[in-house]
Amino acid sequence: MSHGLTAASTHAFDSQAGADLERPSRRGWRGRSREWRAVTAAIEAAQRSRGAVLLVEGQAGMGKSRLLSDAVEAAAARGFMLAHGAADEPSRLAPLVPLMAALGESPQTLREGLDTTAETADLRLRLLERLQSRLEERAAHGPFLIALDDLQWADPTTLLALRSIVPELASYPLVWILARTTGIAESDADRVFEILAREGAARIVLEPLGDRAVGEVIGDVLGAAPGPELLAMTAATGGNPFLLVELLHGLQDENAVRVADGEVTLVSRQLPRRMQEIARSRLGRLCPHTRHLLQVAAVLGRSFRVDDLAEMFDEPPSRLLPALEEAESAAVVAAAGDQLTFRHELLWQAVTETVTVPVRHALHRQAAEMLLRRGGSAIPAAAHLMHYARPGDGHALKGLDQAVREVLPSSPQSAADLAVRALELTMPGDPDRVDRTVTAVYALTTCGRLPEATDFARTAIGQARHPEQAARLRSELAYALLLAGRPADAAAEAEQALAQPDLIGDKRGLAEQVFLRALYATHDFRRGRELAEEIIDSGRRHDRAAQVGARMLFSYIAWGDGQAAEGISHVREAVRIAPRDDASAGRVHPRLHLATLLTDMRRLEEADAQLNQIAAEIAEFGQSAYAATPAIFRARLRLAEGRLDDAAAEAQAGLAVAEQMGTNAFMLLGLAVLVAVAVRRGELDAAAGHAQRYEERYRAGTRLGKAWARWPLATLAEAREGPARAFEILRPVCADLNERRWLLMSEPDAAAWLARTALAAGDRSSAEAVAVTAEQLARANTGFSALAAAAAHARGVLRGDRVTLAHAAATHPSPWSRASAAEDLGVLLAGSRGRVDDDAAIEALDRALEGYQRIGALRDAARIRARLRRLGVRRRHWTQAERPLSGWSSLTETERNVAVLAAQGLTNPQVATQMFVSPHTVKFHLRQVFRKLGIASRVELARLAAEHASEPPSSEA
């Protein structure tokens with residue numbers, strides 16, 4: 001039997017009926033007991049100082065908003081601190097509004113003290129850092145619940161904040177309830193919800209009510225169990241709670257049901273009038289002025305200011321008072337802070353749909369013009385202009401241009417959407433078209449939409465009317481290609497831009513800088529030498545960005561020639577002259593290169609200090625395109641220090657940030673570090689997985705970092721397939737002096753490994769070439785002990801020289817290489833005859849075993865134990881004998897230090913400052929600590945730390 005209820009009816013709803021249903025019965029939340037149990041479990045977990053994340057999703061009308069409200073009410077009754085907010089469609093261009101509104105603050109408060117004058121500043125990193133600090137401070141004082149609704153409308157920066165901050169605060173007594181309506185519009189919230197679910201968040205999908213739940217709701221509303229005919233009629237609601245309650249109240253209003261013998265029966269099978277056309281019937285009960293007022297209000301948004309509504313009608317607010325009172329009495333709108341809001345999204349949608357499309361467009365244009373006339377921020381007007389401005393509307397385009405400038409620092413994603421829309425509205429002959437195109441490409445690049453940026457720029461270049469315009473676009477295209485890890489393509493585009501003499505000033509300087517950077521990224525050092533010499537010789541005729549690029553190119557040339565001091569000197573000068581206060585600062589990073597060279601030469605303390613300063617500069621100047629680089633480059637530094645856990649933590653964190661920000665320039669380097677760590681630990685399947693990701697990124701065009709990465713990939717090949725396969729990978733390096741010299745300068749630890757692998761593969765001439773090159777580098781760079789130790793080690797392997805091997809084992813700056821040299825010495829001595837040699841071999845191998853075990857190189861340690869067994873010596877497995885798998889004693893020294901500081905109440909950034917590591921490393925180690933101790937909160941950690949406070953620290957790292 002059909003009752004005429006269609007899918008279109010879901011846009012209709014009586015707010016009071018919905019409110020009656022969604023308010024939980026004092027006997028329980030009817031129809032949603034499973035979902036309510038998940039909420040109460042999360043609240044109870046926070047009371048036990050454990051964090052929880054709930055993801056609530058379902059179609060409109062499924063009770064999502066009421067579930068959040070009830071959760072807030074329940075948490076309040078238990079003394080929680082509370083934050084409850086929601087996103088909506090009109091405000092989705094305004095960064096961080098839902099989160100900040102929930103916290104009772106304005107997004108502007110986060111920006112206090114930040115330099116927002118530069119149009120190209122990207123403040124996302126600083127804003128997220130400040131937001132996380134504020135949340136940590138609040139959560140540290142006790143249980144805290146944050147409920148955010150309608151995240152399908154959330155702005156990109158809010159979603160970025162949730163994606164990064166929610167996992168970071170998992171150890172606090174903080175309950176996140178994040179809700180979204182599905183089936184309304186495509187949203188980046190889909191991906192954020194998937195990521196958080198993988199991180200362990202509980203997912204609550206509000207499905208249609210089942211038969212039993214429908215019966216419970218009917219019992220709550222009508223006071224008795226339903227009869228079969230009533231159940232048949234309610235089946236037409238499809239289990240939608242709002243429609244169900246609307247139907248029940250309609251039957252009550254029209255006396256179509258009666259209760260007899262404890263059962264509700266139908267008096268009439270006619271569908272209630274209110275169900276036939278709910279929105280129009282609800283509005284039809286209002287006077288014409290109130291109805292029209294609500295239709296205009298709906299265009300302004302689900303929430304709206306009375307002043308805005310009054311201005312739309314060109315009347316004082318006092319004239320609207322009778323209509324607004326009528327709308328509130330009819331439960332259509334309600335007060336929400338200093339605004340009025342439609343009681344539910346379904347009602348808002350229903351009222352909006354009563355306005356025809358042409359009238360709706362006209363009202364949006366009127367609203368935009370009103371907001372622009374008022375002055376101040378253009379972002380509220382942009383929400384109307386995005387969809388309803390007309391092509392060629394100069395006033396609207398100026399408003400969009402202003403909104404792009406405003407929103408770019410804190411939400412490049414929204415700025416990119418606005419800039420692209422402005423271009424769509426710009427006529428082909430508009431003189432501002434090129435400027436808008438450059439802005440759009442820049443915004444797309446900044447927010448990591450690099451394929452879009454490059455496609456957009458290429459299309460615009462083909463449409464440019466003048467060579468200078470094409471050159472400007474090529475400069476932006478070149479930069480986007482460089483960030484995408486495609487330096488060869490970037491060099492080609494920048495070179496074409498520089499061929500245009502009309503490209504002058506800072507635009508030419510940026511093109512020169514990108515061109516030179518792309519050349520040294522591809523190791524095509526000589527090609528740009530003439531330009532670099534001309535830039536340096538001419539001094540101030542070229543801007544600082546170009547001068548920095550020239551210095552860095554000369555640094556690479558010196559490095560390729562094996563001149564470490566000269567290379568470092570050039571890059572130090574680049575650091576000194578690098579711009580700090582203009583758009584160029586976001587594209588020039590010589591300090592990152594300096595940290596790389598210092599890491600190469602094992603000047604690790606200074607390299608670490610440089611990376612810390614880089615991280616501060618990236619945050620200060622809003623260089624989000626480089627947000628991942630400090631962690632990725634620090635991962636390689638930690639690998640050189642022999643801190644494998646920290647290296648893996650930094651690499652994983654850097655790769656995660658690169659994915660979040662949409663920039664993958666240095667992903668190869670991070671993945672290669674993970675390969676090296678996994679190989680040393682003996683986790684060959686994991687290493688192969690990282691190598692596969694590496695190959696995928698490489699095939700996609702990413703190239704930066706590939707020169708160093710060849711060595712970790714070769715070590716994996718050696719571990720899985722033997723030295724012959726490994727040598728195949730590195731044979732081109734061994735055969736070419738320039739390539740060989742470059743690898744040994746950037747990775748001194750590789751010298752002995754290469755020589756040993758070449759010998760094992762039967763290629764002594766290559767082993768000799770490696771050893772000779774290592775010795776030449778050591779002689780040319782007498783002030784760098786890493787090169788001297790590497791040369792001694794390689795020479796000892798090649799010639800079987802126990803003296804040079806002993807020297808290398810004593811002087812290598814790298815702990816892994818010291819252990820490796822001791823192993824080579826032990827193997828050499830074990831091959832000799834005599835008891836003295838055997839004893840010396842065992843001693844050397846024991847030193848190697850201790851060194852490998854100390855840094856967690858378990859695969860290497862296992863190999864040493866096998867060598868010792870062949871000498872008749874058995875050594876217990878260190879990790880099993882000395883350190884259990886769980887409990888306080890299982891913690892490494894680093895993990896114990898992190899645990900003690902966190903137990904004292906320090907936040908992750910504060911712990912990082914104390915230990916001179918990054919917050920990413922702290923987060924990684926805390927996860928390990930919680931896993932080993934079987935806990936999930938800082939309160940539990942504090943208790944355990946107090947119990948073990950008197951125990952001596954572990955001697956193992």
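> Explain the overall build of the protein here, please?
Within the protein, the secondary structure is distributed over 50 helices and 11 strands. Every one of the 957 residues in the protein was classed for burial, and the buried ones make up 58%. Partitioning the contacts of the protein with sequence separation of at least 6, the portion at a separation of at least 24 is 68%. Accessible surface, the protein as shown: approximately 38300 Å² in total, 49% of it carbon and sulfur.

> So what exactly am I meant to see when it comes to the pattern of salt bridges here?
A side chain of one charge can pair with a side chain of the opposite charge when the charged atoms of the two come close. Going through the model one piece at a time under the given rule, you end up with 50 salt bridges. Here Arg 602 ties to Asp 749 by a salt bridge, and the two come within 3.2 Å at their closest N and O atoms. In this pair, Arg 602 sits in the loop between α30 (590-600) and α31 (604-621) while Asp 749 sits in the loop between α38 (737-746) and α39 (750-760), placing the two residues 147 residues apart along the sequence. Linking Arg 643 and Asp 646 is a salt bridge whose minimum nitrogen-to-oxygen distance equals 2.6 Å. With a relative accessible area of 27%, Arg 643 lands in the partly exposed category. In this structure Asp 646 comes out as buried when scored by relative accessible area, which is 2%. When salt bridges that share partners are traced, they join Asp 608, Arg 634, Arg 638, Glu 641, Arg 643, Asp 646 and Glu 650 into one network.

> In this structure, what is going on with the nonpolar core? I would like to understand it.
As a rule of thumb, nonpolar side chains are buried together in soluble globular proteins. Core analysis: the largest hydrophobic core is formed by 216 residues, its most contacted members being Leu 294, Leu 309, Phe 342 and Leu 418. For this core, the element with the most residues is helix α34 (residues 667-681), which contributes 12 residues. Excluding anything up to four places from it in sequence, Leu 309 contacts Leu 293, Val 296, Ala 297, Leu 300, Phe 304, Leu 320 and Leu 324. If you look at the next biggest cluster of nonpolar residues, it comprises 38 residues, including Leu 127, Leu 131, Leu 148 and Ala 201.

> Looking at this structure, I do not really get the sheet that holds strand β10 (residues 333-336). What am I missing?
Strand-to-strand pairing in sheets goes through backbone hydrogen bonds, with the strands running parallel or antiparallel. Across the sheet, which stays open at both edges, the 3 strands sit in the order β9-β11-β10 with antiparallel pairing between neighbours. Strands with a single pairing partner mark the edges of an open sheet, and in this sheet they are β9 (303-304) and β10. Where β9 meets strand β11 (residues 339-342), 2 bridges bridge the pair, whose relative direction is antiparallel. Residue pairing in the sheet places Ser 303 in a bridge with Thr 341 of β11.

> Please explain the confidence of the model for the protein as it appears in this structure.
Detailed conclusions should not be drawn from predicted coordinates in areas where pLDDT is low. On average, residues of the protein carry a pLDDT of 82, and 87% of them reach 70 or more. Residue range residues 1-30 is modelled with pLDDT below 50. Its contacts to residues more than four positions away, or to other chains, number 76 contacts.

> Explain the environment of Val 441 to me, please; I cannot follow it from the model alone.
Tracing the backbone through its elements, the reader meets Val 441 in helix α22 (residues 433-446). In this structure the C-alpha to C-alpha distance between Val 441 and Leu 473, which are 32 residues apart in sequence, comes to 8.2 Å. Each residue touching Val 441, except ones within four places of it in the same chain, is listed here: Ala 453, Phe 456, Ala 457 and Glu 476.

> When you look at the packing of helix α42 (residues 802-811) against helix α43 (residues 815-830) in this model, what are you seeing that I'm missing?
How two helices pack is summed up by the angle between their axes together with the distance between the axes. The N-to-C vectors of α42 and α43 enclose an angle of 155°; their axes lie 8 Å apart at closest approach. The angle between the axes of α42 and α43 places the two elements in the roughly antiparallel class. Every pair of crossing elements has a handedness; the one defined by α42 and α43 is left-handed. Touching Arg 802, Leu 805, Ala 806, Ala 808 and Ala 809 of α42 are Arg 818, Ala 821, Ala 822, Asp 824, Leu 825, Leu 828 and Leu 829, all from α43. Classifying every residue of the contact of α42 with α43 by side-chain character gives 9 nonpolar, no polar and 3 charged.

> It is not clear to me how the side chain of Ser 937 should be interpreted in this structure. Could you clarify?
Turning to its location among the elements, Ser 937 is positioned in the loop between α49 (919-933) and α50 (938-947). Judged by its relative accessible area of 0%, Ser 937 is buried. Those residues in contact with Ser 937 that sit more than four places away from it in its chain are Arg 48, Ser 49, Arg 50, Ser 171 and Phe 930.

> Where do I start with helix α20 (residues 394-407) in this structure?
Think of an α-helix as 3.6 residues a turn; residues three or four steps apart then line up on the same face. Counted at 1.5 Å a residue, the expected span for α20 with its 14 residues is 20 Å, and the 20 Å between its end C-alpha atoms agrees. Within α20, burial applies to Ala 396, Leu 397, Gly 399, Leu 400, Asp 401, Ala 403, Val 404 and Val 407. Turning to α20, the residues buried within the fold contact α18 (357-374), α19 (379-388), α21 (412-425) and α22. Two or three places before His 395, at the opening of α20, Asp 393 has a side-chain oxygen 3.2 Å from that residue's backbone nitrogen.

> Which parts of the structure should I look at to understand the sheet that holds strand β7 (residues 257-260)?
The sheet built from 3 strands is open, its strands ordered β6-β8-β7 with mixed pairing. Each edge of the sheet is formed by a strand with only one pairing partner; in this case those strands are β6 (225-226) and β7. Across 2 bridges, the pairing between β6 and strand β8 (residues 263-266) is parallel. When the bridges of β8 are listed, Pro 226 appears paired with Val 264.

> Would you mind going over the environment of Ser 106 with me for this structure?
Relative to the assigned elements, Ser 106 resides in the loop between α4 (97-102) and α5 (107-110). Classification of Ser 106 as partly exposed rests on a relative accessible area of 29%. Along the backbone, Ser 106 and Leu 96 are 10 residues apart, and their C-alpha atoms lie at a distance of 8.8 Å.

> Looking at this structure, how should I read unusual backbone geometry?
Glycine aside, a negative phi is what most residues show, and trans is what most peptide bonds show. Even without being glycine, Ser 49 reaches a positive phi, approximately 70°. Tracing the chain through its elements places Ser 49 in the loop between α2 (33-47) and β1 (52-58). Backbone geometry places Leu 96, a non-glycine residue, at a positive phi of 65°. Mapping Leu 96 onto the fold places it in the loop between β2 (81-86) and α4. For Leu 96, a relative accessible area of 2% gives the class buried.

> Would you explain the side chain of Thr 596 in this entry?
Along the polypeptide, Thr 596 turns up in helix α30. You can call Thr 596 buried: its relative accessible area is 16%. In contact with Thr 596, not counting residues within four places along its chain, are Phe 633 and Arg 636.

> So what exactly am I meant to see when it comes to the packing of α22 against helix α24 (residues 467-483) here?
Remark: α22 packs on α24, axes separated minimally by 10 Å, with the N-to-C direction vectors making an angle of 5°. What the angle tells us is that α22 and α24 run roughly parallel. In this structure, α22 contributes Val 434, Asp 435, Thr 437, Val 438, Val 441, Tyr 442 and Thr 445 to the contact, and α24 contributes Gln 469, Arg 472, Leu 473, Glu 476, Tyr 479, Ala 480 and Leu 483. Class assignment of the residues belonging to the contact of α22 with α24 gives a composition of 8 nonpolar, 3 polar and 3 charged.

> When you look at the packing of aromatic side chains in this model, what are you seeing that I'm missing?
Working definition: an aromatic ring pair is given by the centre-to-centre distance plus the angle between the planes. Going through the model one piece at a time under the given rule, you end up with 6 aromatic pairs. On the numbers, 5.1 Å between centres and 75° between planes, the contact of Phe 633 with Phe 666 is edge-to-face. With Phe 633 in helix α32 (residues 629-641) and Phe 666 in the loop between α33 (644-661) and α34, the pair connects residues that are 33 residues apart, well separated along the chain. For Phe 666, a relative accessible area of 18% translates into the label buried. A ring pair is formed by Trp 711 and Trp 816, whose centres lie 6.2 Å apart and whose planes are at 70°; its orientation type is edge-to-face. Taken as a pair, Trp 711 in helix α36 (residues 706-721) and Trp 816 in helix α43 lie far apart in primary sequence, 105 residues in all. Residue Trp 711 is classed as buried on the basis of its relative accessible area, which comes to 2%. Members of the aromatic cluster, each reached through a chain of ring pairs, are Trp 711, Trp 753 and Trp 816. In this structure, Arg 180 is placed above the aromatic ring of Phe 193, and the distance from its NZ or CZ to the ring centre is 4.8 Å. Over the ring of Trp 816 we find Arg 680; its NZ or CZ atom is 4.1 Å from the centre of that ring.

> I tried to follow the pairing of strand β4 (residues 174-181) on my own but got confused; where do I start?
Each regular strand carries side chains that alternate between the two faces of the sheet. Taking burial as the measure, the 8 residues of β4 include 8 buried ones, the bulk of the element. Residue alternation in β4 divides its side chains into two sets, Leu 174, Trp 176, Leu 178 and Arg 180 and Val 175, Ile 177, Ala 179 and Thr 181, and both sets are buried. The handedness of the strand β3 (residues 144-149) to β4 crossover, carried by helix α7 (residues 156-168), is right-handed.

> How do you make sense of helix α23 (residues 450-463) when you look at a structure like this?
Taking 1.5 Å per residue as the helical rise, α23 with its 14 residues ought to reach 20 Å, and the 20 Å between its terminal C-alpha atoms agrees with that figure. Looking at α23, one finds that the buried residues are Leu 450, Ala 453, Thr 454, Ala 457, Ala 460 and Ile 461. Angularly, the buried residues of α23 cover 135° about the axis, an arc narrow enough to put them on a single face. Set apart from the buried face of α23 by more than 90 degrees, the exposed residues are Pro 451, Gly 462 and Gln 463.

Parameters at a glance
Residues numbered from 1 in each chain as written. Predicted model: local features only at pLDDT ≥ 70, side-chain atom pairs only at ≥ 80, totals over all residues. Heavy atoms only, no water. Helix = DSSP H or I, 4+ residues; strand = E, 2+ residues; numbered from the N terminus. Buried < 20%, exposed > 50% of the residue type's maximum accessible area, 1.4 Å probe, protein only. Contact = heavy atoms within 4.5 Å. Areas by Shrake-Rupley, 256 points an atom, 1.4 Å probe, with all protein chains shown as cover. Salt bridge = Lys/Arg side-chain N within 4 Å of Asp/Glu carboxyl O. Core = buried A, V, L, I, M, F, W, Y, C linked by side-chain atoms within 4.5 Å. Pairing = 2+ DSSP bridges. pLDDT = per-residue confidence, 0-100. Axes fitted to C-alpha atoms, helices over the stretch in contact; angles between N-to-C directions. Parallel < 35°, antiparallel > 145°, perpendicular 65-115°, else oblique. Left-handed = near helix turned anticlockwise from the far one by under 90°. Nonpolar A, V, L, I, M, F, W, Y, C, P; charged D, E, K, R; others polar. Expected span 1.5 Å × (residues − 1). Polar contact = N/O pair within 3.5 Å; in protein donor to acceptor, adjacent residues only side chain to side chain. Phe/Tyr/Trp six-rings, centres within 6.5 Å; stacked < 30°, edge-to-face > 60°. Lys NZ or Arg CZ within 6 Å of the ring centre and 35° of its normal. Right-handed = clockwise from strand over helix to strand, strands pointing away. Arc of directions from axis to C-beta.

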